Amino acid sequence: MIIAHAGKAVVLAGALAAIGAFSGGPGLDETTTSAIAPASGQQARFMLVSAGDETACMLVAEQATHGTMRQITLAPDCLAASPELAAMRFWLDRPDGTVALAGADGRVRAEFALADGAAYESYNPRFPVMTLLAAE
């Protein structure tokens, strides 16, 4: 009798394992998380660091006045270190969590994605890689 119950248990365990094996595997985890807390109507401050450049400079994204576009202010040392940054005027929050920095003409000059920790890392342009580190 004990052997019969043990046999049923083995058959049941095998059937459950087979069902699990053919269920298509684990699904996509669609939970959205963020390494950086969203700004609550205040300025967002970041240290902008370029790969290969030992200096960092402050970037401030002002409160959004309409939509997801915020005006940015770059510290004078940013402009001295990277003159191409002088053309950047707006911070654009995108629905997928990426961020773009655009010029006064609306043309995107740099794009950033969330990185590990409290940072964004640039993916466009590819070089130099720039990092935005959350600053207090």
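These lines cover the structure that appears in this document, whether it is placed above or below. Residue positions are counted from 1 within each chain, in the order its sequence is given. For a predicted model such as this one, the threshold for reporting local features is a pLDDT of at least 70, and the threshold for listing and counting side-chain atom pairs is 80 or more; totals across whole chains, interfaces and linings nevertheless cover every residue. Think of the side-chain values as coming from all heavy atoms in the structure, minus any hydrogens and water.

A closer look at the overall build of the chain
Phase 1 of the analysis: What the chain contains, in helices and strands, is 2 helices and 8 strands.
Phase 2 of the analysis: Secondary structure elements follow DSSP: runs of H or I of four or more residues count as helices, runs of E of two or more count as strands, with numbering from the N terminus. Ordered by position in the sequence, the α and β elements of the chain form the string α-β-β-β-α-β-β-β-β-β.
Phase 3 of the analysis: Expressed as a percentage of the 136 residues in the chain, the buried residues total 26%.
Phase 4 of the analysis: On the chain, roughly 9000 Å² of surface is accessible, and the fraction owed to carbon and sulfur atoms is 61%. Using a 1.4 Å probe on the protein chains alone, a residue whose accessible area is under 20% of its type maximum counts as buried, one over 50% counts as exposed, and one in between counts as partly exposed. In short, Shrake-Rupley with a 1.4 Å probe defines the accessible areas, and a residue's cover is counted only from the protein chains shown.

Here's the deal with the side chain of Thr131
Phase 1 of the analysis: Assignment of secondary structure puts Thr131 in strand 8 (residues 130-134).
Phase 2 of the analysis: Judged by relative accessible area, Thr131 falls into the buried class, the value being 19%.

Description of the sheet that holds strand 5 (residues 99-103)
Phase 1 of the analysis: For two strands to be treated as a pair, DSSP must find at least two bridges joining them. With antiparallel pairing, the 8 strands of this closed barrel are ordered in space as 1-2-3-4-5-6-7-8. Between one strand axis and the next, the sheet turns by 30 degrees as a mean value, whatever way the strands run.
Phase 2 of the analysis: Of the strand pairs in this sheet, strand 1 (residues 44-50) and strand 8 are connected by 5 bridges, and their pairing is antiparallel. Residue pairing across strands places Leu48 opposite Leu132, the latter belonging to strand 8. Note on definitions: angles span 0 to 180 degrees between N-to-C directions of axes, and those axes are lines fitted to C-alpha atoms, for helices only across the stretch in contact.

With respect to unusual backbone geometry
Phase 1 of the analysis: Here the amide bond leading from Asn124 into Pro125 is cis, since omega sits at 0 degrees, within 30 degrees of zero.
Phase 2 of the analysis: Following the sequence through the fold, Pro125 ends up in the loop between strand 7 (119-124) and strand 8.
Phase 3 of the analysis: Cis geometry marks the peptide bond from Phe127 to Pro128; its omega dihedral reads -5 degrees.
Phase 4 of the analysis: Structurally, Pro128 is set in the loop between strand 7 and strand 8.

Such coordinate-based values are descriptive only and should not be taken to indicate function.
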